Structures are given as C-alpha cells and as structure tokens.
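So you can see what is in the structure, the chains are spelled out below.
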Amino acid sequence: MNIDILEKAFQKTKTVFPVAKPSCTIILGSGWGNVMDVVNSRQTLNYHDIPGLGMPTVEGHSGRLFISESAGLQILVFQGRRHWFEGSGWEPIAIPVYISQKFGVSMLILTNAAGGINKKIRPGNLMIIDDHINAMGSNPLIGNNDSIWGPRFADQTHVYDPALRKMLDQAGNKTGTPLTHGVYAATSGPTYETPAEYNALRLIGADAVGMSTVPEAILGNAAGMRVAGISCITNTASHTGSGAFSHKKVIDIAANAQPAIRVLLAEFLKEVVTNVFHIQNHT
Ligand code: HPA
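The paragraphs below set out a description of the structure included in this document. (Residues numbered from 1 in each chain as written. Predicted model: local features only at pLDDT ≥ 70, side-chain atom pairs only at ≥ 80, totals over all residues. Heavy atoms only, no water.)

1. A closer look at the overall build of the protein chain
Link 1 in the chain: What the protein chain contains, in helices and strands, is seven helices and nine strands.
Link 2 in the chain: In terms of C-alpha radius of gyration, the protein chain reaches 18 Å, essentially the compact-globule figure of 19 Å for 283 residues.
Link 3 in the chain: For the protein chain, with 283 residues in total, the buried portion stands at 53%.
Link 4 in the chain: Across the protein chain, every contact between residues at least 6 apart in sequence was considered, and the portion connecting residues at least 24 apart equals 81%.
Link 5 in the chain: If you sum the accessible surface of the protein chain, you get close to 11,800 Å²; carbon and sulfur atoms cover 52% of it.
Link 6 in the chain: In the protein chain, which carries 22 positive and 21 negative side-chain charges, the distance between the mean positions of the two groups comes to 4 Å. (Helix = DSSP H or I, 4+ residues; strand = E, 2+ residues; numbered from the N terminus. Rg over C-alpha atoms; globule rule 2.2 N^0.38 Å. Buried < 20%, exposed > 50% of the residue type's maximum accessible area, 1.4 Å probe, protein only. Contact = heavy atoms within 4.5 Å. Areas by Shrake-Rupley, 256 points an atom, 1.4 Å probe, with all protein chains shown as cover. Lys, Arg positive; Asp, Glu negative; His and termini not counted. Charge placed at Lys NZ, Arg CZ, Asp CG, Glu CD.)

2. Comments concerning the nonpolar core
Link 1 in the chain: Counting residues in each nonpolar core, the largest one holds 47 residues, and the members touching the most others are Ile50, Leu65, Leu76, Ile99 and Trp149.
Link 2 in the chain: Apart from the residues lying within four places of it in its own chain, the contact partners of Leu76 are Pro22, Cys24, Thr25, Ile26, Leu65, Phe66, Ile67, Ile99, Ser100, Phe103 and Val105.
Link 3 in the chain: Of all hydrophobic cores here, the second largest spans 33 residues; its members include Leu73, Leu164, Ala171 and Ile261. (Core = buried A, V, L, I, M, F, W, Y, C linked by side-chain atoms within 4.5 Å.)

3. Re the pairing of strand E6 (residues 126-135)
Link 1 in the chain: Where E6 meets strand E7 (residues 179-187), nine bridges bridge the pair, whose relative direction is parallel. What sits directly across from Ile133, in E7, is Ala185.
Link 2 in the chain: Taken together, the three bridges between E6 and strand E9 (residues 226-236) define a ladder with antiparallel strand orientation. What sits directly across from Leu126, in E9, is Cys232. (Pairing = 2+ DSSP bridges.)

4. A short note on the site of the ligand
Link 1 in the chain: The immediate surroundings of the ligand are formed by Ala113, Ala114, Gly115, Tyr192, Glu193, Tyr198, Val209, Gly210, Met211, Thr234, Asn235 and Val250.
Link 2 in the chain: Here Glu193 contributes a side-chain N or O atom positioned 2.6 Å from a nitrogen atom of the ligand.
Link 3 in the chain: The separation between a nitrogen atom of the ligand and a polar side-chain atom of Asn235 is 2.7 Å.
Link 4 in the chain: Within the residue set of the shell around the ligand, elements represented by two or more residues are strand E5 (107-116), strand E8 (208-210) and E9.
Link 5 in the chain: Top contributing element to the shell around the ligand by residue count: E5, with three residues. (Near = heavy atom within 4 Å. Polar contact = N/O pair within 3.5 Å; in protein donor to acceptor, adjacent residues only side chain to side chain.)

5. Some details on helix H1 (residues 3-16)
In an α-helix, one full turn covers 3.6 residues, which means residues spaced three or four apart are oriented alike.
Link 1 in the chain: End to end, H1 covers 20 Å across 14 residues, agreeing with the expected 20 Å (1.5 Å per residue, within 8%).
Link 2 in the chain: Considered for burial, the residues of H1 that qualify are Leu6, Ala9, Phe10 and Thr13. Considered in projection along H1, the buried side chains sweep an arc of 100° and stay on one side of the axis. Exposed side of H1, more than 90 degrees from the buried face: Lys8 and Thr15 are the residues found there. (Expected span 1.5 Å × (residues − 1). Arc of directions from axis to C-beta.)

6. Here we look at unusual backbone geometry
With the exception of glycine, the majority of residues adopt a negative phi angle, and the majority of peptide bonds are in the trans configuration.
Link 1 in the chain: The amide bond that connects Gly189 to the next residue, Pro190, takes the cis arrangement and shows omega of 0°.
Link 2 in the chain: The backbone phi angle of Ala71 is positive, close to 55°, even though this residue is not glycine.
Link 3 in the chain: Judged by relative accessible area, which is 15%, Ala71 ranks as buried.
Link 4 in the chain: The backbone of Thr213 shows a phi angle near 70°, a positive value even though the residue is not glycine.
Link 5 in the chain: Tracing the sequence through the fold places Thr213 in the loop between E8 and helix H5 (214-222).

7. With respect to the packing of aromatic side chains
Link 1 in the chain: Across all of its chains, the model carries three aromatic pairs by this definition.
Link 2 in the chain: Aromatic side chains Phe10 and Phe103 sit 5.4 Å apart centroid to centroid with 80° between the ring planes, which places their arrangement in the edge-to-face category. Separated by 93 residues along the polypeptide, Phe10 in helix H1 and Phe103 in helix H2 (residues 91-103) bring together distant segments of the chain.
Link 3 in the chain: Assessed through its relative accessible area of 9%, Phe10 is described here as buried.
Link 4 in the chain: Of the residues examined, Phe103 reaches a relative accessible area of 10% and is grouped as buried.
Link 5 in the chain: Taking 6.2 Å as the distance between ring centres and 55° as the angle between the ring planes, the aromatic pair formed by Tyr47 and Phe78 counts as tilted. Note that Tyr47 is positioned in the loop between strand E2 (44-46) and strand E3 (64-70) and Phe78 in strand E4 (residues 73-79), a separation of 31 residues in sequence. With respect to class, Tyr47 is no different from Phe78; both count as buried. (Phe/Tyr/Trp six-rings, centres within 6.5 Å; stacked < 30°, edge-to-face > 60°.)

8. Here we look at the pattern of salt bridges
Link 1 in the chain: In this structure the tally under the stated criterion is seven salt bridges.
Link 2 in the chain: Residue Arg81 pairs with Glu216 through a salt bridge whose shortest N-O separation is 2.8 Å. Of this pair, Arg81 sits in the loop between E4 and H2 while Glu216 sits in helix H5, placing them 135 residues apart in sequence.
Link 3 in the chain: The class for Arg81 is buried, based on a relative accessible area of 3%.
Link 4 in the chain: Taking the relative accessible area as the measure of exposure, Glu216 reaches 3% and is therefore buried. (Salt bridge = Lys/Arg side-chain N within 4 Å of Asp/Glu carboxyl O.)

Read these as geometric descriptors, not functional statements.
Here you go:
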C-alpha cells in the first residue's frame, strides 16, 4: 500500500474540513446510503475530489463524504465504499480508515449488505458482526509495514470491539429492533456464490457473506480503532433455488430496512456517548 497516496487524501480532506473534530466514522454500504443526516451541506466532498479515492463504480454507493452529528458526536460519514473487486488496489479501501485515524477518530462503524448463510438469518434481518473470515484471497496489510498499522503481525482476537457489540444489543433492545449476531465471510467478488460455495462457507463457520468490510475492519483494528460491523441481510444462500439474483434486489431489501437502521444507529450513538466518551446530559 502506498502511504503517500493515503496522506494526500487526508491533506485534501483536512483543507475542506479544517476544524472538524470527529470521534466516529461510519462507512455506508449497499443500500445504507441515507441513514445519516448531512448536517452542513457546504461541507461535503465528492470522492472524486479526494486524491486516490475515486468514485465508487457500484450502483447504490453515491461517493460522498460529509460530517454528521448525533448525540453530540461529530461523525465522518463515507456514503458509499470502494471495493477490492473494482480493481484499483487497496488504497481506495484504506483511505477512509486512514483519514479517520488522522482526524483522531477512535471508533469505526462498518455497514454492508450481505447474503445470509445461516438458515436462521432471513432477508431484512440485521446482523451484528462478531467475527469474520477473510476469504478474499488477499489482505490489505500485505506490503510495507507502515507504522500507522501497528505491528507486522496484527492481532485478530477482537477485531470487532466486544463493548460496542454489547452497546448495539442494548440499542436494539431499547428501540425494539431485532438483531442477530454472526460471523461475516468476505470473498473478493464480484461474483455471487455458487450453491457449492455457499455450502462451503457454511461448513467453515460463516453466517453471512459479502464482498467488503473485512479489509476496513482489519485496517481499523490495526490502526487502534474500536470497530463495529453491521450487516443487513438481503438474501439467503437458498435464493439460488428461486431464480436469478441481482444487485438491484440487494439494494431494494437494504433500502427497506433503512428506517429501522436510522433509529438503531441513533440509539447506539447515545449508548456510545454515555459508555465510551462518558459525556453526560446528551440529548
Ligand atoms: N454474496 C455476496 N455478497 C452479497 C450477497 C451474497 O449473497 N448478498 C449481498 N451481498
């Protein structure tokens, strides 16, 4: 990974948000685009204006960075993500994580749409990611061991912060949002899985599968941030038995879940303010 590219991206962002003091970042995946409000529309930056990032090439990923506020926290919102299968290398995937770290963000929330592999998980369900399986055939930390990413051999015991997972559960209870927990497997994509691949992923312990999130989680954890991940389940492995499956269906199902997700995230951020940042009397 070329750290100079990441640094240029941060410098540009800093000039657009000179006084920003975000403590949290959220990366919005397929169909999640509208769950955070833009607080000040003058402070938005298109990904194509961030050197090295580039516009997402996947429908449903608008490619805008803005600052949102919730429960008194400033939040960097990356509306849309770049993926490994887009073929532009690891830099566009690492840039949101790098920028966040440089702004002093301590908490990274990753969201995605995913296929349900565990038969108990149904389309429309939200799954808190407890752990992951990197089945991408690569790793964003291959290459130079830049100091921002910590030691050469990054510990993976608690990639997804246990305290944040508990706070998501609490937010789910308070808002009446049903949540499940599970292991997310990431493949490189861009193909969906064959029936045999879904079965193989089930056998190795995956509850859901997608084409993102794992690299950002690896990088965020390596950079010392607390990481949380939430999947919106948009299909099941058995969809293969009932006709063709498409990205359009993924976006539609995730979009239907947005109202519930908005409420959940707002409550979760209140939990975070109380439990992580210890700020009292928030609204
Ligand atoms: N496989 C991989 N990625 C996905 C899926 C899936 O079934 N659903 C949504 N993203």
